[in-house]
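# Examining the three-dimensional arrangement
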Amino acid sequence: MTHPSPTPRRPRTAGTAAVAALLLPAAALPALPAAAVPSSDAVVLVDEVYGGGGNSGAVYDQDFVELYNPGDEPVSLDGWSVQYGSAGGTTWSGQTALSGEIPAGGSFLVGQSRGNDTDLPDLPTPDAEGSIFLSGSGAEVALVSSTDRLDCTGAACADVADLVDLVGWGSANTYLGSGAAPGTSNATSVARVGHAHTVDNAVDFVAGTPTPANSGAATDPDPDPTPTDDPDPQAATIAQIQGTGDASPLDGQVVTTRGVVTAVYPTGGFDGLYLQTAGTGGAPADDATPGASDALFVYSAAAAREVEVGDHLEVTGVVGEIYGLTQVTPSAWTVLDEPAVAVKPTTTTWPAAEAEREALEGMLLEPQGDFTVTDNYSTNRYGTVGLAAGDTPLVQPTSVGRPGSPEAAAQAVDNAARAVQLDDGATWDYTSSSRSGTPLPWLNGTDPLRVGASVTFTGPVVLDYRYSAWSFQPLEQLTGENADGVQPATFADTREPSPEDVGGNLTVGTFNVLNYFTTTGDQLDGCQYYTDRDGDPISVRTGCLARGAADAENLERQETKIVAAIGALDADVVALEEIENSAPFGKDRDQALADLVDALNAAQGTGTWAYVPSPAQVPADEDVIRNAFIYRPAAAEPVGESRILLGSEAFGNAREPLAQVFQPAGGASGDPRDDVLVVTNHFKSKGSAGPWPGDADTGDGQGASNESRVRQATALVDFADEVAAEAGTERVLLAGDFNAYEQEDPIVVLTDAGYTDLGPTTGEYTYLFSGQVGSLDHVLASPAALDAVTGVDVWDINADEPVANEYSRYEYNVTDLYDETPFRSSDHDPVLVGLDLPADGSGEPDAPAWESDVVYTAGDRVSHDGRVFEALWWTRGQTPGASPWGAWAEIGTPVETEAGTFPAWTSSQVYVGGETVVHDGERWRARWWTRNQEPGQRHGPWELLD
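Anyway, here's the lowdown on the structure attached to this text. Everything quoted here is computed from the prediction, not taken from an experiment.

Parameters at a glance
Residues numbered from 1 in each chain as written. Predicted model: local features only at pLDDT ≥ 70, side-chain atom pairs only at ≥ 80, totals over all residues. Heavy atoms only, no water. Helix = DSSP H or I, 4+ residues; strand = E, 2+ residues; numbered from the N terminus. Rg over C-alpha atoms; globule rule 2.2 N^0.38 Å. Buried < 20%, exposed > 50% of the residue type's maximum accessible area, 1.4 Å probe, protein only. Contact = heavy atoms within 4.5 Å. Areas by Shrake-Rupley, 256 points an atom, 1.4 Å probe, with all protein chains shown as cover. Lys, Arg positive; Asp, Glu negative; His and termini not counted. Charge placed at Lys NZ, Arg CZ, Asp CG, Glu CD. Disulfide = S-S within 2.5 Å. Salt bridge = Lys/Arg side-chain N within 4 Å of Asp/Glu carboxyl O. Core = buried A, V, L, I, M, F, W, Y, C linked by side-chain atoms within 4.5 Å. Pairing = 2+ DSSP bridges. Axes fitted to C-alpha atoms, helices over the stretch in contact; angles between N-to-C directions. Patch = residues over 30% accessible without salt bridge, like charges linked within 9 Å, V, L, I, M, F, W, Y side chains within 5 Å. Polar contact = N/O pair within 3.5 Å; in protein donor to acceptor, adjacent residues only side chain to side chain. Parallel < 35°, antiparallel > 145°, perpendicular 65-115°, else oblique. Left-handed = near helix turned anticlockwise from the far one by under 90°. Nonpolar A, V, L, I, M, F, W, Y, C, P; charged D, E, K, R; others polar. Phe/Tyr/Trp six-rings, centres within 6.5 Å; stacked < 30°, edge-to-face > 60°. Lys NZ or Arg CZ within 6 Å of the ring centre and 35° of its normal. Expected span 1.5 Å × (residues − 1).

## Focus on the overall build of the chain
Counting secondary structure elements, the chain contains 13 helices and 53 strands. Against the globule reference of 30 Å for 946 residues, the chain gives a C-alpha radius of gyration of 33 Å, in line with a compact fold. For the chain, the proportion of its 946 residues judged to be buried stands at 57%. Taking contacts inside the chain between residues at least 6 apart in sequence as the whole, the part at least 24 apart equals 67%. Split by element, the accessible area of the chain, about 35,900 Å² in all, is 49% carbon and sulfur. Side chains of the chain give 44 positive and 139 negative charges; the mean places of these two sets differ by 5 Å.

## Points about the state of the cysteines
The full count for this structure, using the stated rule, is one disulfide. Across the disulfide from C527 sits C544; the S-S distance is 1.9 Å. One disulfide, between C527 and C544, carries an S-S torsion of 105° and so falls in the right-handed class. You can see C527 sitting in the loop between β30 (506–516) and β31 (528–531) and its partner C544 sitting in the loop between β32 (537–542) and α9 (552–569), a full 17 residues away along the chain. Classification of C527 by relative accessible area gives buried; the value is 13%.

## Side note on the pattern of salt bridges
Scanning the model with the defined rule gives 32 salt bridges in all. Residue R258 pairs with E338 through a salt bridge whose shortest N-O separation is 3.2 Å. Pair noted here: R258 is in strand β16 (residues 254–265) and E338 is in the loop between β20 (325–335) and β21 (346–348), with a separation of 80 residues, a long-range link. Take E338: its relative accessible area is 42%, and that puts it in the partly exposed class. A salt bridge links R809 to E806, with the shortest nitrogen-to-oxygen separation between them at 3.8 Å. In this structure R809 comes out as partly exposed when scored by relative accessible area, which is 22%. The network of salt bridges with shared partners includes R450, R495, D796, D800 and E801.

## As for the nonpolar core
Within the largest apolar cluster, 37 residues are counted, with the highest numbers of intra-cluster contacts made by V373, L387, L422, F457 and F472. Mapped by element, the contributors of at least two residues to this core are β23 (371–375), β24 (385–389), β25 (419–422), β26 (455–457), β27 (461–466), β28 (469–473) and β29 (489–491). L569, V574, I797 and Y810 belong to the second-largest nonpolar core, a separate cluster that totals 31 residues.

## Some remarks on the sheet that holds β24
Spatially, the seven strands line up as an open sheet ordered β21-β22-β27-β28-β25-β24-β23, and their pairing is mixed. In this open sheet, the two edge strands, each paired with only one partner strand, are β21 and β23. Averaged over all neighbouring strand pairs, the angle between strand axes comes to 45°, with direction disregarded. When β21 meets strand β22 (residues 364–367), the two strands line up parallel, connected through three bridges.

## Describing a negative patch on the surface
Taken together, the side chains of D534, D536, E811 and D816 present a region of like negative charge at the surface. Within the fold, D536 resides in the loop between β31 and β32.

## Describing the pairing of strand β51 (residues 916–919)
Of the two faces of β51, both are covered, the one formed by T916 and V918 as well as the one formed by V917 and H919. Looking at chain direction, β51 and strand β52 (residues 922–926) are connected through four bridges and run antiparallel. Each residue of the ladder has a partner; that of V918, found in β52, is R923. The turn linking β51 back onto β52 is made up of two residues, and D920 within it adopts a positive phi angle of 55°.

## Points about the side chain of S705
Note on placement: S705 falls in the loop between β38 (676–682) and α11 (706–727). Overall, S705 belongs to the buried group, its relative accessible area being 0%. Here S688 takes part through its backbone oxygen, which lies 2.5 Å from a polar atom of the side chain of S705. Excluding its chain neighbours within four sequence positions, the residues that come into contact with S705 are K684, S685, S688, A689, G690 and D695.

## Considering the packing of α11 against helix α12 (residues 745–752)
With their axes 8 Å apart at the nearest point, α11 and α12 run at an angle of 20° to one another. The angle between α11 and α12 places the two elements in the roughly parallel class. Taken as a pair, α11 and α12 cross one another with a handedness that is right-handed. Of the residues in α12, those in contact with N706, R709, V710, A713, T714, L716 and V717 of α11 are D745, P746, V749 and L750. Of the residues belonging to the contact of α11 with α12, the class tally is seven nonpolar, two polar and two charged.

## A closer look at the packing of aromatic side chains
For the structure on display, the rule yields 18 aromatic pairs. Judged by centre distance (5.2 Å) and plane angle (70°), the ring pair of Y265 and F270 falls under edge-to-face. Summarising the burial analysis for this pair, Y265 and F270 share the class buried. The interplanar angle of 85° and the centroid separation of 5.7 Å between the aromatic rings of W350 and F472 together place this pair among those described as edge-to-face. In this pair, W350 is assigned in the loop between β21 and α4 (354–358) and F472 in strand β28, connecting sequence segments 122 residues apart. Sitting above the plane of the Y818 ring, K561 keeps its charged end 5.5 Å from the centroid. Residue placement shows R711 over the ring face of W692; its charged tip is 3.6 Å from the ring centre.

## Here we look at the environment of A849
With respect to the helices and strands, the residue A849 is situated in the loop between β45 (831–835) and β46 (861–864). Considered as a pair, A849 and R867 are 18 residues apart in the sequence and their alpha carbons are 9.8 Å apart. Excluding its chain neighbours within four sequence positions, the residues that come into contact with A849 are Y856, V862 and S863.

## Brief notes about the sheet that holds strand β34 (residues 610–611)
Read from one edge of the open sheet, six strands run β34-β35-β33-β30-β45-β44, paired in mixed fashion. Sheet topology places β34 and β44 (789–794) at the edges, where each strand pairs with a single neighbour. Bridging between β44 and β45 involves five bridges; their strand directions are antiparallel. Bridging from a neighbouring strand, V789 pairs with L835 of β45. Taken strand by strand, α9 contacts β30, β33 (573–580), β35 (625–631) and β45, and its axis lies near 165° from that of β30.

## Examining α11
Counted at 1.5 Å a residue, the expected span for α11 with its 22 residues is 32 Å, and the 31 Å between its end C-alpha atoms agrees. For α11, the set of buried residues is N706, S708, R709, Q712, A713, A715, L716, V717, F719, A720, V723 and A724. Looking at the buried side of α11, the elements it contacts are β36 (636–644), β37 (655–664), β38, β39 (732–737) and α12. Just past α11, the residue G728 takes up positive phi, approximately 75°.

## Some points on the environment of L475
Following the sequence through the fold, L475 ends up in the loop between β28 and α8 (483–486). For the pair formed by L475 and H312, sequence separation is 163 residues and the distance between their alpha carbons is 16 Å. For L475, the contacting residues outside a window of four places in its chain are T262, A263, V264, Y265, V309, L364, P460, V461 and V462.

Have a look at this one:
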């Protein structure tokens, strides 16, 4: 989920060494275990608190809490809360629910209560709003990863698992470390020094002038650079200012330089322009300043408003490095009358090395070679599109190599080398209340923008560096209103209206249906919602058991897309994950499942679909989401009752597997060996750590709860073996959302048990995370099931699509992106498998009829005169069964005996020493190679066993 990562306004400094974490009230208490309290590597920090808003002598008209993300990845705040307690109180009296995400290296502003003085300046647009009156002198604020109200003070808070961070200031009786942060006044806040987090409020915080920053405003360079006292600016070319290193050799000095304006950003938050030395650009071989860029950013909104692209401009100002971007902040600028040689776009492929990119920073480019969309998750919010140089998207390292392996490391290096963003020339959040009325860039509801799509550049771009990422910028701010003239790239339409034909006489699919709940939030008490730009509820965020749509109108939008997807998938059997378990809502366990089938039948015809009812025995304590099966009665028949794994400690934090045997409808032999057992699964997610010692995220790419998933995979193997043995079949498919990529430990447990992961054969992936594709959804086949597989397809209707197209993002922006197609009906792609199951009781797949004019090679099977034959070598026109010495060997029908099931002897089959057959009701074992020698001959090749 890569997107612009706003950089903080307050300077970054090296943090001091972490100290033991203590939660102490004002009176001394015994030391607490460090593991029981927020640690020095907290994922999100409470970075600043201001409680004087709107009071006499205040700086702003509103209280606020600012959060900060010190990590390299965005963090979702969905379901989190900011909570408040008075300095000497015994309860947490205020709470503000949070949603959205906090960018990597960026801030998140939570506005609180306003005071009486409304003439004071407003805060930067808050990312969340609350109504808590914060103390202007001292209190406590906690960041909690749930909305459960804290009921602790002092040392008791150490036992709260959801406590992410806490600051107590002034006379607070609860704080981290050796003491509370300093007290404040109406004119001061408490803020961390350079985001330091030694888990000691007294050390980490100082009081000072409030510096609120939201997730967008903090992206801008420092608006108040300090000029030097040098009265005589030095003349310098842009290449001299840039230098050949990571930073300008003239950093902090006042310079005068000239260039041609190539891009202007008077709106959108960049507040500046790009300047490039006249006559530069073109082919890399023509570069007169190799290793040094000939362009730089001029940070001045006023200058950007006054100049135009193509102007010859002279600027005088201070050179600065703003989080890696070289810029000049001008005190003066002049549009020159003298002509300048035009700048040419540099024609270049994507430079994989950082030094090569630095040499092009800020320059006008005409990118060459292939580029592929690899991320569109944040396009509807920040207007960025993640690209990968080359003709493939970036891939999860543990999809291609074992965790910690050289292959995984090489993939990570490749990802870093190929990644670049296609931006919109702005810092706006298009889902914020102040920007949601502006039509989105890149997304218009008509032209798809999908991961894996090739990119065609239709105009030049500027290579920009900000938010700790390289980006291609348009030459002015891009929105949906000016796309026709400003958008510099287009994307190939890679949508497929239906999956590939996978063949077979029974098709099986797996589909995670994204919290399909027919119990909507408005039917329950306490639900909190994600809302559209008008504040209307769209989907449930937290506060109640429901997880899906907020109301019937939004459920209809969600259901319409899911029904369209399942209908077009055209599977005979579909294993479902993330569908409502209706029992916790006081309904029949299968109610939501029945509702979905009703919707499918309404769309496709009465009786087209049915569901597998819950078995008699279900777990006593279940999640509110479950696994399930639906099927088309005209094509598939369930055999016997479904079965859920019961009593497994491994599935205490996941959905228990559900097993069901199926056979083709109408053509079944009645022999259980001809059936297939399908087990649907939904393992523990990667996002939080389970109870086992190996559940902590070790950083090897497998995420949290890896041991939980390994235990679940191990239990699944035993469960599948047990059910398959009872059903009398060796054909087993393990399907579903395993929350593990292809080379991770849980999948290896299954492949080591003899199963084959079918997904990698397609070269496609089912999921997108952090701008990298991989498969969390799998269908794994036992050896016998693998023999029956006729085809596999990952139908990429969801993971490749922007999240903006989901029902859950309806009307987040004025651009209407919702439609009734299958695309983005979920966040996981369905997988479809074709099977050729026998209908003759042979336990072997049905074979096509023999044709005299067809060329067959060794291993090909055909049916002729009601019998099945296998070619031993190349043959054409030779009738199966015509000769016991010919190219065709008849496959013997399985015969059940007390000692097991063995094939009947046939005259044309080739047998080798040790093989067992049944002939005239007796078992015989071959002593040596034999063909067309009937068992029972004296001194022959067959030994009687019975």
